[in-house]
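# A closer look at the structure
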Amino acid sequence: MDVRAQVSVVFHLDKCIGCHTCSIACKNVWTDRKGAEYMWWNNVETKPGTGYPTAWENQEDYKGGWVKKGNSIELKGAGKLRAFKNIFHNPNLPTIDDYYEPWTYRYEDLFNSPEGDTQPVARPVSLLTGKFMEIKAGPNWDDDLSGSPDYARKDPNFKNLSQAEQEALFQVEKLVMFYLPRICNHCLNPACLAACPSGAIYKRGEDGVVLINQKKCRAWRMCVTACPYKKTYYNWSTGKSEKCILCYPRLETGQAPACMHSCVGRIRYLGMMLYDADLIHQFASADESKLLDLSREIILDPRDPKVIEEARKNGIHDSVIEYAQRSPVYRFVKEWGLALPLHPEYRTLPMLFYVPPLLPIMGMSEEGVYESLTEGLFTDIEQARLPIQYLASLFTAGNEGQIREVLKKMMAVRLYRREETVGDLGAEAVQKALKETGTSREQAEAIYRLTSLANFEERFVIPPSHREEAIVMLDTEFEKKGTGGFGFRMAVGRGL
Amino acid sequence: MKAETWKEIKHCQNINRWVSLLFGAALLGTLLYAAALHAAFDAAEYYEKKCSSCHTVGGGDDVGPDLKGVGERRSEDWLIKMIQSSQSMISAGDPVATQLFEKFKRKKMPDHDLSPDEVKQLLAFIQQGGPVEKPIDDKPATAATPQDIQLGQELFLGSRPLANGGPACISCHSVGSLGPLGGGSLALDLTQVYSRYEDAGLSKALRKTGFNIMREIYVPRPLTGEEAFALKAFLFQADRQGQESTGFQKKFVFLGVGGCVLFLGLMDLSWRKRRKKTAKPSHGGLS
Ligand code: SF4
Ligand code: SF4
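In this text the structure is predicted, and so the values were computed from the model without any measurement.

Take the overall build of chain A next. Summing up its helical and strand segments, chain A has 22 helices and 18 strands in all. On C-alpha atoms alone, chain A measures out to a radius of gyration of 24 Å, which is about the 23 Å that the 2.2 N^0.38 rule sets for 496 residues. Summarising its shape, the C-alpha atoms of chain A cover approximately 75 × 70 × 50 Å along the three principal directions. Taken over 496 residues, chain A has a buried fraction of 54%. Partitioning the intrachain contacts of chain A with sequence separation of at least 6 by distance along the chain shows that 70% fall at a separation of at least 24.

Attention now goes to the domain arrangement of chain B. Often the size quoted for an interface is simply the accessible area lost on bringing the parts together. Residues and elements named next belong to chain B. Parsing chain B into structural domains produces domain 1 (43-127) and domain 2 (141-241). Relative placement of domain 1 and domain 2: their C-alpha centres are 32 Å apart. Roughly 350 Å² of surface becomes buried between domain 1 and domain 2 when both sides are summed, with 48% attributable to carbon and sulfur atoms. Three residues stand out in domain 1 for area buried against domain 2, namely Ser53, Val63 and Lys107, and they jointly supply 63% of the buried area on that side.

Residue and element names in this part refer to chain A. Because side chains alternate across strand β4 (residues 72-75), one face comprises the buried residues Ile73 and Leu75, and the other comprises Ser72 and Glu74, none of which is buried. Taken together, the four bridges between strand β3 (residues 66-69) and β4 define a ladder with antiparallel strand orientation. Bridged to Trp66 within β4 is Leu75.

A few words on the site of ligand 1. Near ligand 1, the surroundings consist of Cys184, Asn185, His186, Cys187, Pro190, Ala191, Cys192, Val210, Cys227, Tyr229, Thr232 and Lys243 of chain A. A class-by-class count of the residues in the shell around ligand 1 yields eight nonpolar, three polar and one charged.

Our next topic: a nonpolar patch on the surface. The grouping of Tyr105, Tyr107, Leu110 and Phe111 of chain A at the surface amounts to a nonpolar patch, some 440 Å² of accessible area in total. Within the secondary structure layout, Tyr105 of chain A lies in strand β5 (residues 103-105).

Once that is clear, we can look at the packing of helix α17 (residues 400-421) of chain A against helix α18 (residues 427-436) of chain A. Residues and elements named next belong to chain A. Where α17 meets α18, the closest approach of the two axes is 9 Å, and the angle between their N-to-C directions is 155°. When the axis of α17 is compared with that of α18, the two are roughly antiparallel. In terms of crossing hand, the pair formed by α17 and α18 is left-handed. Two secondary-structure elements touch here, α17 through Lys408, Ala412, Leu415, Tyr416 and Glu419 and α18 through Ala427, Val430, Ala433, Leu434 and Glu436. When grouped by side-chain class, the residues that make up the contact of α17 with α18 number seven nonpolar, no polar and three charged.

Rules used throughout
Residues numbered from 1 in each chain as written. Chains lettered and ligands numbered in written order. Predicted model: local features only at pLDDT ≥ 70, side-chain atom pairs only at ≥ 80, totals over all residues. Heavy atoms only, no water. Helix = DSSP H or I, 4+ residues; strand = E, 2+ residues; numbered from the N terminus. Rg over C-alpha atoms; globule rule 2.2 N^0.38 Å. Buried < 20%, exposed > 50% of the residue type's maximum accessible area, 1.4 Å probe, protein only. Contact = heavy atoms within 4.5 Å. Domains from an automatic or database assignment. Buried area = accessible area lost by both parts, 1.4 Å probe. Pairing = 2+ DSSP bridges. Near = heavy atom within 4 Å. Nonpolar A, V, L, I, M, F, W, Y, C, P; charged D, E, K, R; others polar. Patch = residues over 30% accessible without salt bridge, like charges linked within 9 Å, V, L, I, M, F, W, Y side chains within 5 Å. Areas by Shrake-Rupley, 256 points an atom, 1.4 Å probe, with all protein chains shown as cover. Salt bridge = Lys/Arg side-chain N within 4 Å of Asp/Glu carboxyl O. Axes fitted to C-alpha atoms, helices over the stretch in contact; angles between N-to-C directions. Parallel < 35°, antiparallel > 145°, perpendicular 65-115°, else oblique. Left-handed = near helix turned anticlockwise from the far one by under 90°.

The structure is reproduced here in structure tokens:
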């Protein structure tokens with residue numbers, strides 16, 4: 001057993017209101033620099049939809065992630081020999097059009113234009129060329145299902161849905177959508193890291209944050225191809241690749257990452273988890289049907305004395321273990337089994353988990369009249385407007401049973417709370433729902449509290465980062481302390 | 001401080017002294033050697049190396065003026081300054097220097113790092129009549145054997161290097177009988193050079209390379225008599241065969257374009273599975 005620590009995250013999709021506050025917070029802190037304008041380390045996409053960059057889930061096109069080969073795995077698009085052959089011409093890169101051409105507006109024209117008969121306008125200006133441009137696409141052009149014939153209907157997750165099922169989704173009465181906020185998953189088996197020919201990408205030992213060393217990066221862009229989530233980006237100005245850093249400077253000072261701190265829907269949870277690094281290769285190479293279970297199994301119980309002992313042996317500080325025991329992520333993922341990884345079939349073992357949206361039907365259309373007074377308040381999840389198959393394609397590598405389990409449990413919690421507050425459902429019905437899903441009343445109460453009432457400290461259980469321990473490995477702590485705060489020690493620049 | 005440490009330091013200082021003494025001696029030796037080298041000034045050799053490519057003594061004006069009787073024409077003082085740095089004379093406005101500069105097509109005479117004494121030795125050498133011109137007595141090209149012609153071709157192509165390290169003719173010249181690509185296009189095509197210069201003229205041109213760029217290259221690395229003869233023989237042969245290498249430039253362009261198309265085609269083939277278009281519907285993707 002090789003116990004390591006990982007900061008992991010849960011996004012509760014039922015709570016996301018699609019306000020993009022998270023994206024803006026991140027952009028303002030990290031990517032409003034030259035060459036980074038087009039990057040959205042945090043983005044929120046509408047599902048069904050094609051996301052950002054467009055159709056990133058279509059790995060036949062982008063060649064991201066890992067594929068199983070015998071008892072092992074290999075990178076789909078990069079890999080050792082293939083990367084070497086293509087080192088000067090990476091053939092599967094997204095183009096700027098797959099992202100979008102970033103722009104701003106000539107706001108000064110609003111103030112400086114001479115007086116005339118017409119109102120002045122602020123024309124859009126490309127942030128790449130500096131010239132006037134016509135805006136044809138953006139990072140979330142299909143927000144709230146806009147342009148669905150072009151975008152949402154081309155969602156790669158529809159591949160297992162019949163034509164009729166797809167059509168049904170786009171009838172006005174049945175129109176349905178939810179939001180999927182995405183950041184780098186800080187995977188346990190990062191494809192980006194494996195693909196880098198320069199060895200510039202590393203996973204921090206103390207908390208598992210995946211980072212790109214800006215001094216070592218040589219602009220091969222193999223990581224851009226390899227990450228199946230398309231969460232590494234190439235900065236055309238500095239000539240280096242960049243990605244979400246999970247706001248590690250904030251984490252180190254006990255603050256939640258900017259996107260999580262600002263989240264309006266309070267959908268985000270962050271906490272420490274312990275995992276067994278010895279199992280990564282074996283688990284990542286398992287059969288597709290087992291991937292979801294294994295990506296939960298690799299996470300260890302931080303209360304298990306054996307785990308604690310091994311963790312201590314690996315130099316994990318007692319305080320970190322204690323925080324791992326209080327991690328809200330552990331509860332959602334392991335204890336309750338409510339949170340699922342996005343696309344486990346990419347085999348990167350992502351450490352960002354999603355509680356899938358329940359989206360219950362509250363009304364239905366009968367003879368052209370929209371009726372919300374159905375008999376039971378919540379209909380059966382089988383008739384949920386979003387086909388189970390669609391969610392399964394996103395979160396369980398196609399296994400509908402596992403999605404159903406999660407949704408049933410969430411439904412049970414709702415019924416339980418309805419009974420508590422309104423009391424119109426009958427104790428038996430509630431008891432039956434709870435029993436069916438193996439949920440105790442206490443557990444249902446705990447799920448409800450963490451979902452709906454959790455305050456800042458409960459959502460973000462950020463362990464002390466013990467920078468001093470990391471610093472003494474490379475530097476003297478006194479020198480670090482003495483030189484801290486005197487600006488950059490070196491400028492990041494293009495080339496060597 | 002402990003006594004032992006102190007002793008150690010003392011010891012180190014002693015070693016240091018020895019080392020610096022040794023270094024000093026070595027430095028002094030080097031300096032003396034350099035001075036000795038400098039002292040052995042050979043006017044004849046210097047003239048041959050630095051002056052002869054532009055001046056003659058009694059052979060008429062070349063790139064620069066004939067130096068015969070220069071000691072009578074100019075004062076010694078003037079000559080010393082002029083030889084040391086002609087350009088500073090000109091910029092100082094010396095009328096004679098300026099006049100000469102204009103007369104000889106504004107060709108700059110390089111500066112010579114010589115002491116006044118050395119200049120005097122050089123002037124004395126010129127006064128005595130300068131270098132002995134060796135008459136060039138090459139056989140005529142008609143006497144060449146096929147082996148000579150073969151050798152000449154090899155020297156021209158550079159498959160056999162020139163004895164004194166000069167670059168092969170093909171670097172700049174072409175000649176009719178070379179393969180499809182011909183030779184260099186920087187200088188004249190030499191197919192008819194034999195007719196133009198005639199036998200003796202060509203010999204002289206090969207041995208005393210008087211042309212601007214060639215002088216720079218071949219004066220320090222002259223052809224040997226044997227090489228000059230072989231080349232002459234080869235050029236004679238080329239002239240007899242008389243086929244000017246025509247269409248060379250066109251061929252080159254054609255080959256360049258063809259090669260480029262072939263190379264791009266190969267690239268296209270090897271990366272045929274690349275992503276060819278964007279997925280963005282606004283740019284024609286996702287259909
Ligand atoms: S999500 Fe992509 S960029 Fe982030 S660690 Fe995983 S493979 Fe790397
Ligand atoms: S800030 Fe929170 S609620 Fe708003 S879009 Fe981002 S994740 Fe969703």
